[in-house]
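# What the coordinates show
These are the residues of each chain, in order.
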Amino acid sequence: MPKHLSRPEESPLMPSVMSAETPAAPAAGRSAPPEGHALRLDIQGLRAVAVGLVVVSHSGVSHVGGGYVGVDVFFVISGFLITSLLLRELAATGRVSLRSFYARRALRLLPVSSLVIAVTLGGAWLFLSKARLAEYAGDALAGALYTVNFRLAATGTDYLAQDSPPSPFQHFWSLAVEEQFYLVWPLLLLLTWRVARGRRRLVVAPLAVLCLGSFAAGVLVMNSSAPWAYFGSVTRAWELGAGALLALAAGRPARLPAAVAAPLSWLGLACVALAAVRYDDATPFPGHHALVPVVGTVLVLAGGGTATRYGAGWLLERRPLVWIGGLSYGWYLWHWPLLVIVPAALGRADGTAEVPLALGLSAAALGLAWLTLRLVEDPVRHHRAFRGRPRRALALGAALSAGVSALSLTATAVPPTIEVGGPAPALARTLADAPAPRTRLGELLASSPTALPSNLAPPLTEVKSSRSAVYRDGCHVDRSAVRVTRPCVYGDRTSSRTVVLFGDSHAAQWFPALQRLATARGWRLVSLTKASCKVADVTIVSEHEPYTACDTWRSNAVARIKTLRPALVVVSSSDAGDAARPAADSLHQWASGFERTFRELGTSGARVAALLDTPWPSGDPIDCTARNSLQLRACANHLPGAIRDASRGLAVRTAAAETAATVIDPTPWLCVPRTGICPVVVADTAVYRDGSHLSEAYAEALAPVLAPSLDRLVDTPRR
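Bear in mind that the values here come from a model prediction, so they are computed numbers and not experimental data.

When you go through the protein chain residue by residue, the secondary structure sums to 28 helices and 13 strands. Structurally, the protein chain occupies a C-alpha span of about 90 × 50 × 45 Å along its principal axes. Carbon and sulfur atoms form 60% of the exposed surface of the protein chain, whose accessible area is close to 28,500 Å². Between the mean site of the 68 positive side-chain charges and the mean site of the 50 negative ones, the protein chain shows a separation of 9 Å.

Take a positive patch on the surface next. A surface patch of positive charge is lined by Arg 95, Arg 99, Arg 194 and Arg 391. Relative to the assigned elements, Arg 95 resides in the loop between helix H2 (70–93) and helix H3 (98–127). Look at Arg 95 and you get partly exposed, because its relative accessible area is 44%.

Looking now at the pairing of strand S3 (residues 498–503). With 6 of 6 residues buried, S3 is to be regarded as a mostly interior element. Residues Thr 498, Val 500 and Phe 502 of S3 are buried on one face, and the alternating residues Val 499, Leu 501 and Gly 503, pointing to the opposite face, are buried as well. Taken together, the 6 bridges between S3 and strand S4 (residues 524–530) define a ladder with parallel strand orientation. Paired with Val 500 across the strands is Val 526, a residue of S4. Looking at chain direction, S3 and strand S7 (residues 568–572) are connected through 5 bridges and run parallel. Residue pairing in the sheet places Val 500 in a bridge with Val 569 of S7.

Let us now look at the packing of aromatic side chains. Within the structure shown, the criterion is met by 17 aromatic pairs. With centroids separated by 5.3 Å and ring planes inclined at 85 degrees, the aromatic side chains of Trp 173 and Phe 231 adopt a geometry described as edge-to-face. Within this pair, whereas Trp 173 is found in helix H6 (residues 173–195), its partner Phe 231 is found in helix H8 (residues 226–231), the two being separated by 58 residues in sequence. Neither Trp 173 nor Phe 231 differs from the other in exposure class; each is buried. Seen in terms of ring centroids, Phe 502 and Trp 553 are 5.9 Å apart; in terms of plane orientation they differ by 25 degrees. Their pairing is stacked. With Phe 502 in strand S3 and Trp 553 in helix H23 (residues 548–564), this pair connects stretches of sequence that are 51 residues apart. With a relative accessible area of 3%, Trp 553 lands in the buried category. Ring-pair connections join several aromatic residues into one group, and the members of that group are Phe 101, Tyr 102, Phe 181, Tyr 182 and Trp 185. A cation over a ring is seen here: Arg 236 above Tyr 230, with NZ or CZ 4.7 Å from the ring centre.

Below, the discussion takes up the state of the cysteines. In total, this model carries 4 disulfides according to the counting rule given. Disulfide pairing is shown between Cys 533 and Cys 550; the S-S distance is 2.0 Å. Looking down the S-S bond of the Cys 533 and Cys 550 bridge, the torsion is 85 degrees, so its handedness is right-handed. Of this pair, Cys 533 sits in the loop between S4 and strand S5 (541–542) while Cys 550 sits in helix H23, and the two are 17 residues apart along the sequence. Looking at Cys 550, the relative accessible area reads 1%, which means it is buried.

Take helix H17 (residues 390–413) next. With 24 residues, H17 extends 34 Å from end C-alpha to end C-alpha; this agrees with the ideal 34 Å at 1.5 Å per step. If you check which residues of H17 are buried, you get Pro 390, Ala 393, Gly 397, Ser 401, Val 404, Ser 405, Ser 408 and Ala 411. Contacts from the buried residues of H17 go to H3 and helix H4 (133–144).

What counts, and where the lines are drawn
As a convention, each chain's residues are numbered from 1 in the sequence order in which they are written. Predicted model: local features are reported for residues with pLDDT of at least 70 only, side-chain atom pairs are reported and counted for 80 or more only, and whole-chain, interface and lining totals are derived from all residues. Based on all heavy atoms of the structure, the side-chain values leave hydrogens and waters out of the count. The way it works is that DSSP assigns letters per residue, a run of H or I at least four long becomes a helix, a run of E at least two long becomes a strand, and they are numbered from the N terminus. Here the open area of atoms and residues is found with the Shrake-Rupley method and a 1.4 Å probe, where only the protein chains shown may cover a residue. His is not counted, nor are the chain ends; Lys and Arg add positive charge and Asp and Glu add negative charge. Just so you know, the charge point we use is NZ for Lys, CZ for Arg, CG for Asp and CD for Glu. Nonpolar side chains (Val, Leu, Ile, Met, Phe, Trp, Tyr) are joined into patches within 5 Å and like charges within 9 Å, using only residues with over 30% relative accessible area and no salt bridge. The salt bridge definition used is simple: a Lys or Arg side-chain nitrogen within 4 Å of an Asp or Glu carboxyl oxygen. Three exposure classes are used, based on accessible area relative to the maximum for each residue type with a 1.4 Å probe and protein chains only: buried under 20%, partly exposed in between, and exposed over 50%. Two strands pair if DSSP finds at least two bridges between them. Any two of the Phe, Tyr and Trp rings considered here, Trp counted by its six-membered ring, make a pair once their centres fall within 6.5 Å; the pair's planes then place it as stacked at under 30 degrees, edge-to-face at over 60, or tilted in between. To sit over a ring, a charge needs its Lys NZ or Arg CZ within 6 Å of the ring centre and within 35 degrees of the ring normal. The rule for a disulfide is simple: a pair of cysteine sulfur atoms within 2.5 Å. In this analysis, the expected span of each helix is defined as 1.5 Å times one less than the number of residues it contains. The contact criterion used throughout is that any non-hydrogen atoms of two residues lie within 4.5 Å.

This is the structure:
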């Protein structure tokens, strides 16, 4: 789910921006009809509820696991208020001044967002991972240009990037979605208004169809690509559209009897609260689940259009909520960078804050929001230099965006310095030239550098971004795939000796080594790997539900392998993952699952080589290396703790003994047997790319070490 992209968090929130466009509050704190020009205090209070839900959820309070629905609440509010404003202008003049519209938004949004981006970029440069500064600067640039949602969606579909720490700029995604919506919405509204000649019923129909299409797209895309459903502007447009449609029908809700309006508003508020406390990481969101907070918000807005003493406005119009609602934009922008950067500045290894600290930081962010309102937002927005002068406002917005963009590009060009030691031997060349590669590797492991080598290849900042052909060609399929469609053939495509690589991403991590061997030996290499899909014939849990797509794909992949009649099948999978139906004897369950798969593969006439899972590093090795570049031993893991699940390896060995499969244990290639130390750098090469996978360079360098076992199996036909 995309929500995992923003831990500890799950969905960011973008407040609606109408303070400049809605004049004074009504007398006695009573809600005014939407067609009036008074600020509805119940909407200010609803903003406070929404931003509070998100902030508390981001702070790690488990009872509000669905606090991410605050973004949906704000999308609806924004669509309602902005469309109300545009409709008033259309009714009065028959046109919409797009220049004035975007000038108001520039004055409201850009001064504060530019300040937050600049300060956050400085904090990231000083305290966050030096190896990720270019990535964070790219996020800052995308945030300034309102495209960060696309960047996050692409990251969410990149299997190797899904476990990366959250970006301090990721909360700008909702601002990007809203601005993309408002690039189109005023023009669309103006066009339909003119075609319908101002008759609101005729305006509603085509816009309602578009909203239904957006909702349907969100549900469908949710099944195929959850990140794009979550961050996409097309799949989220219906939420802003729901508020807009309510604004188009504003006259009718305003005439609702108080006896109807009051319970409607309470029912809507209850829907929002229910979603916040019942939804969590496991909820497929947005999809159809977004209907609950969206419909709830529509009901609150509709019910609040009638002045009544007994509606939800009784609660929402309370002075503390109204005050927080006025600070919601700044609070939202400031709270997330503090939650991400301050724990790192305090030296917390995992970069996260416990709930008490997180709540304290969120309170500090509220203070920053108040200062920002007093010193930046209001002075700029109400300055006489911009009053009635939209060109100046647009020029200021353009200057701020350009300045932040330039700052982001500068940060990319001038990254913080990572201290290094002297040069180290070239691992790949050393092992390739060694008469006994495994012995030489053992020596290099035992003498692994204590300081980051000056000739690290590739540089530390490029280790994570390296992608072998199996990823570049889309041959490592995602979780939703059930069929084997791509050929994914490498090495000598015409060879009569076929080797198959089969398993999950911990099999795919060996592709660089196998591709090097296939090219050198004239093998035909076929890659069949799928995200988180185990080799064992055992249904596992993935993203909180049985991973049946893996079972189907595995069956199809085995059938494909049988048609290939390979000489060798190299299998491997991660030790992580639990069975969907836990058995009393877990070892027997997994051993039986591996045995069934090994036997099926054996019917193809192939030898089976089972590569045990590699030892895991402690945390993120690249970030740790950047922080401790002169003390790399601080990042090393140790045996036996580096083995994720020793029982899973025992299950592989048990199954192999029953099926004549060959077991290859890579542990001595990553850890020193005598001391149990598993270094993060060997010679001139980083061992890992992330918290579980080998780096491309290290895997390729191990080709001479892996070769003897595979050569023997390829050249020895199965009896």
